[in-house]
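# Survey of secondary and tertiary structure
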Amino acid sequence: MPPSSVLKTMSSILSPASPFKLALIQLGGVGADKAKNLVHTRDMILKAANNGAQVVVLPECFNSPYGTNYFPQYAETLQDGESVAMLSAAAKEAKVYLIGGSIPEKEEASGNIYNTLTAYDPTGRMIAKHRKVHLFDIDVPGKIKFKESDILSQGDWLTHVNTKYGKIGVGICYDMRFPEMATIAARKGCLVMIYPGAFNLITGPLHWELLQRARAVDNQMYVAACSPARDLTANYHAWGHSTVVDPKGVVIATTEESETIVYADIDPEQVKEVRTNIPLYNQRRFDVYDDVSVSIKEHEDGTATKK
Ligand SMILES: O=C(O)CCC(=O)C(=O)O
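Along each chain, the written sequence defines residue order, and numbers are assigned to residues from 1. Only residues with pLDDT of 70 or above have their local features reported here, since the model is predicted, and side-chain atom pairs are shown and tallied only from 80 upward, although totals for entire chains, interfaces and linings are computed over all residues. Neither water nor hydrogens contribute to the side-chain values; these are computed over all heavy atoms in the structure.

Here the focus is the pattern of salt bridges. Definition used for salt bridges: Asp or Glu carboxyl oxygen within 4 Å of a side-chain nitrogen of Lys or Arg. Across all of its chains, the model carries 14 salt bridges by this definition. Here Arg125 makes a salt bridge to Asp121, at a shortest N to O gap of 3.4 Å. Exposed residues in this analysis have more than 50% of their type's maximum accessible area, buried residues have under 20%, and partly exposed residues fall in between, with area computed by a 1.4 Å probe over protein chains only. With relative accessibility at 51%, the residue Arg125 sits in the exposed group. Taking the relative accessible area as the measure of exposure, Asp121 reaches 10% and is therefore buried. For the salt bridge of Arg285 with Asp287, the shortest nitrogen-to-oxygen distance reads 2.8 Å. For Arg285, a relative accessible area of 43% puts it in the partly exposed group. Here Asp287 falls in the exposed class, since its relative accessible area comes to 61%. Connected through shared salt-bridge partners, Lys34, Glu76 and Glu82 make up one network.

Structural data, given as structure tokens:
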């Protein structure tokens, strides 16, 4: 048993939190018909809630086919968009916190398009908005080339969603490759980092699970990533394998590539225990290198920005 002073420090690094059941909806059948995509998504949210989920997660780009050519056509504003309206109503009907995957968002004033996640509380109120911070621009010759920045603008803040179960850090897909985001979230008291994402058949097998386990073990927090199901008739073939990793770095729930819902129990005591047993938090040498979280200030709307 560690001394009580250590235990006290350990519990104080996690914002107040309680256990909850998480559901990752590995959504299938996302096609060209947006209205149809929305109807199916709502059905799956209700299904997850009926199975006891208290926090429900959707994948990246759940309302439109994935690809830069689709973004302008499917983009909508957060003020009067049909996807946001559905998400809010579904969160309320299902009485769950909803991490609403992402949609192409059009900002009316600038005309910019963003890859945007919105989150809702069980009354249907939008409680956070995260715009993908790191855009997916890669070129692996002969294998995969993707350049989101041709069409999308990048987000300028981090997002820590306040829920009654504790604080949840969010990122979108490629954001997962940047460890600073998860480290900042952990040091600001988030117990889980959630990434709606859509890796592909090249980088998926290489890095999807590895990145989640890395973020989890480095930061001693839960990490979850929610993908669409794979559709070989679509232009973009998603890796699937929606996964939840615990604070020890162990995969506690996962799947293959078909449509399904992945469930996992998130327990803040597990975070505290791991951080007590292996007390990395207090062993960091900020006299030797900098703490990436100190320059970040959290705001009431869930955003976190440089001071
Ligand atoms: O990082 C990767 O390999 C895939 C990222 C991605 O698909 C995305 O950001 O949408």
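Turning to the nonpolar core, a few remarks are in order. Side chains of a nonpolar character, in soluble globular proteins, are inclined to be buried together. Throughout, nonpolar core names a set of buried Ala, Val, Leu, Ile, Met, Phe, Trp, Tyr and Cys residues whose side chains join them through atoms within 4.5 Å. Among the nonpolar cores identified, the biggest contains 51 residues, and Phe20, Leu22 and Ile194 are the most heavily contacted of them. Per the convention used, a helix needs a DSSP run of H or I reaching at least four residues, while a strand needs a run of E reaching at least two, with both numbered from the N terminus. No other element matches the 6 residues that strand 11 (residues 190–196) contributes to this core. When sequence neighbours within four positions are dropped, the list of residues in contact with Ile194 reads Leu22, Val57, Ile99, Ile168, Gly169, Val170, Gly171 and Ala224. With 26 residues, the next largest nonpolar core counts Val56, Val84, Met86 and Ala91 among its residues. Contact between two residues is taken to exist if any of their heavy atoms lie within 4.5 Å; hydrogens are not considered.

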